[in-house]
Amino acid sequence: MVRGNRYKTIRWSFVESLEPPRVVHVRCDSIMNRGNLYGQVTVRMHTRQILAIYDRFGRLMYGGEQVPKDVLEYVVFERYLVNPYSSWRMHGKIVPEWAPPKDPIIKTVMIPGPTLAPSQEYEEVK
């Protein structure tokens, strides 16, 4: 979820919950051996959020800080059940097949300038 966020500024805010979160699936499974028990819970969340992503130069790449969007997401939380002091952590998100595709992110690219000789100034080339 954080891959590709280097040199970007992300501004996110939670506006409101449109529906109460609903548990849609619960699973308890042992991994590797019988002593490793993990519990997983899939939660359906329908919320209104604001997201704005800026590139390293401060230009808006995605979203906007004034436009809230309705977001429907399925989040998987997990917990190591053997340790009584363990906490729930976010394991991942599930994107359903029927979900609309995301808007593309506008990439920042470098436009190459003229190649200068060491003795030339940029103003001379113009």
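Residues numbered from 1 in each chain as written. Predicted model: local features only at pLDDT ≥ 70, side-chain atom pairs only at ≥ 80, totals over all residues. Heavy atoms only, no water.

Caption draft 1: A look at the environment of Gly39. Structurally, Gly39 can be placed in strand β3 (residues 37–54). Looking at Gly39, the relative accessible area reads 5%, which means it is buried. Once the C-alpha coordinates of Gly39 and Ala52 are considered, the two residues, 13 residues apart in sequence, prove to be 33 Å apart. (Helix = DSSP H or I, 4+ residues; strand = E, 2+ residues; numbered from the N terminus. Buried < 20%, exposed > 50% of the residue type's maximum accessible area, 1.4 Å probe, protein only.)

Caption draft 2: Representation of the pattern of salt bridges. What the rule picks out here adds up to eight salt bridges. For Arg48, the salt bridge identified is with Glu16, shortest N-O distance 2.6 Å. In this pair, Arg48 is assigned in strand β3 and Glu16 in strand β1 (residues 9–17), connecting sequence segments 32 residues apart. A residue is classified by how much of its surface remains accessible, and Glu16, at 33% relative accessible area, is partly exposed. Connected through shared salt-bridge partners, Glu16, Arg48 and Asp70 make up one network. (Salt bridge = Lys/Arg side-chain N within 4 Å of Asp/Glu carboxyl O.)

Caption draft 3: Highlighting the layout of surface pockets. Estimated volume of the largest pocket: approximately 1400 Å³. Forming the walls of the largest pocket are 36 residues, and the residues nearest its centre are Tyr62, Val71, Glu73, Lys93 and Lys102. Counting residues per element, the lining of the largest pocket draws most heavily on strand β5 (residues 69–80), which supplies eight residues. Of the residues assigned to the lining of the largest pocket, the class counts are 24 nonpolar, five polar and seven charged. (1 Å grid on protein atoms, 1.4 Å probe; cavity = no way out; pocket = protein on both sides within 12 Å on 5 of 7 lines; lining within 4 Å. Points joined across faces, edges and corners; volume = space filled by probe spheres on them. Nonpolar A, V, L, I, M, F, W, Y, C, P; charged D, E, K, R; others polar.)

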